[in-house]
Amino acid sequence: MYTQIVETINVSREVAWLPWAVQYFFLIGLSYCGFLLSLPGVMFKRPSWNGISNLALAVAVICGISAPVALLADLHQPGRFLNFYLHFNPKSWMAWGAVFIPVYVGGLLLYGWLAWRPLLAKTGAQPTRYAPIARWLSLGGHESRAALKIAAVITTIGAILVALYTGAEVMVVASRPLWNTPLLPVQFVVTAMAGALGMVLIFNRMMSRPSPLIVQKASRWLAVSQLCALLVGAVWLAIALSGLSPVHSAALAEVAPAENWRLAAAWAVLATVITFLLAWKRPGSGLLIGLLALHSTWMMRWSIFIGGQEVPKTGAGYYSYQLPLGPEGLLGIVGTAGLWVFLFIALTSLLPLNQLGNTRQA
């Protein structure tokens, strides 16, 4: 018979969702928003959108290929991905994600190829080392509007489903009030749109002759996205303070006492406001605006995923997380960035950024 009382104050746990997950949500958000930005110029043939849309499609394709690799790495064993198909669970958002991701990525690759066939044929006609590959990929270079429309519809459905599932699979975790908030999927989409526009501005700046029209238009829409992000954040805070939503109030109560969370919130608001003001008042500084937008997009996801796991489910205080230097931390981030750079080099070798950004409709 035990005569002692054992009291458990707190239990320290390692993070379950590693930086690989942050990279996946970051890249897949840039991808589906980049695809949506491609529709006005590529699908609906609006001349004023043509340059932005082609650059946005490049963002969508590069990030759309990189994102699933980061997701597989976060599963620790790639074979676990097969279990979603072998033992499908219709009640799991992750299981549905295993269906939505191939639909979206497959449709995106088909859509991108159909949209860029004329440009590939143009590259193939030039005396460059990549001309044979471009000619082979173009398959004649004739545009098929019917096929492009079908691919656009499939990819649009896939993009909507991916945006829905990436927000829902985090929101449904009831044990973490910071995640279990209905506005979280909206925040993911709004910040991802800002990141996609920021990447378009960076791509435009990397062109030998940056287009001022792209800078002006992308900056204006980036300002709108940042304003939407501030409004959604204000609504989130108002609901939490008013007590109208118990989950929002619980989430605020978890993080409000921590100095680092207050600092992170102030930094996020300041970065968003600065990006909004620069995009609206100083659209000529495209590179700086783009980098700030990407910073805000990444920071939001890092705070939600990694910071959210620093809040204990039981007990007092907060867990302390330090970024490892190995493949589960910094090396993994660098590796994913390296894959992204490789895909960027491969794509722009066949379709230079100048050719994408300076394309004109007849």
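This one's a predicted model, so the numbers in the text were calculated from it and none came from an experiment. (Residues numbered from 1 in each chain as written. Predicted model: local features only at pLDDT ≥ 70, side-chain atom pairs only at ≥ 80, totals over all residues. Heavy atoms only, no water.)

Draft legend 1. Seen up close, the environment of Ala223. Considering the arrangement of structural elements, one finds Ala223 in helix H8 (residues 212–242). Overall, Ala223 belongs to the buried group, its relative accessible area being 0%. Each C-alpha atom, one on Ala223 and one on Leu278, is 8.2 Å from the other, the two residues being 55 residues apart in sequence. Setting aside residues up to four positions removed in sequence, Ala223 forms contacts with Phe276, Ala279 and Trp280. (Helix = DSSP H or I, 4+ residues; strand = E, 2+ residues; numbered from the N terminus. Buried < 20%, exposed > 50% of the residue type's maximum accessible area, 1.4 Å probe, protein only. Contact = heavy atoms within 4.5 Å.)

Draft legend 2. Broad picture of a nonpolar patch on the surface. Among the surface-exposed residues, Leu82, Tyr85, Leu86, Phe88, Trp96, Val99, Val103, Ile150 and Ile154 lie close enough to one another that they form a single nonpolar patch of about 800 Å² accessible area. Listed by contribution, the elements that provide at least two residues to the nonpolar patch are helix H3 (80–86), helix H4 (93–124) and helix H6 (145–171). (Patch = residues over 30% accessible without salt bridge, like charges linked within 9 Å, V, L, I, M, F, W, Y side chains within 5 Å. Areas by Shrake-Rupley, 256 points an atom, 1.4 Å probe, with all protein chains shown as cover. Salt bridge = Lys/Arg side-chain N within 4 Å of Asp/Glu carboxyl O.)

Draft legend 3. Spatial organisation of the pattern of salt bridges. Taken as a whole, this structure holds 1 salt bridge when the rule is applied. For Arg262, the salt bridge goes to Glu259, with nearest N and O atoms at 2.4 Å. Here Arg262 pairs with Glu259, and both are found in helix H10 (residues 259–281), just 3 residues apart, close to one helical turn. Classification of Glu259 by relative accessible area gives exposed; the value is 54%.

Draft legend 4. Structural view of the packing of aromatic side chains. Throughout the structure, instances matching the rule amount to 15 aromatic pairs. Each ring, one from Phe203 and one from Phe344, has its centre 5.2 Å from the other, and the planes form 45°; the classification is tilted. Placement of the pair is Phe203 in helix H7 (residues 184–206) and Phe344 in helix H12 (residues 330–350), with a sequence separation of 141 residues. Grouping residues by exposure puts Phe203 and Phe344 together as buried. Ring centres 5.6 Å apart and planes at 5° place the aromatic pair Trp340 and Phe344 in the stacked group. Here Phe344 and Trp340 lie together in helix H12, a separation of 4 residues that amounts to about one turn. Side by side, Trp340 and Phe344 carry an identical accessibility label, which is buried. In textbook terms, an aromatic cluster arises when at least three aromatic residues are bridged by ring pairs, as seen for Tyr24, Phe25, Trp179, Phe188 and Phe305. For the cation-ring pair, Arg176 lies above Trp179, with the distance from its terminal atom to the ring centre recorded as 5.4 Å. (Phe/Tyr/Trp six-rings, centres within 6.5 Å; stacked < 30°, edge-to-face > 60°. Lys NZ or Arg CZ within 6 Å of the ring centre and 35° of its normal.)

Draft legend 5. Geometry of the nonpolar core. Of all hydrophobic cores here, the largest spans 99 residues; its most connected members are Tyr24, Tyr104, Tyr111, Trp116 and Phe203. In terms of residues, this core owes the most to one element, helix H1 (residues 19–43), which gives 16 residues. Among residues more than four places away in sequence, those in contact with Tyr24 are Ala67, Pro68, Ala70, Leu71, Ile101, Tyr165 and Thr166. The next biggest cluster of nonpolar side chains, apart from the first, holds 5 residues, and it includes Phe81, Phe84, Ala95 and Ala98. (Core = buried A, V, L, I, M, F, W, Y, C linked by side-chain atoms within 4.5 Å.)

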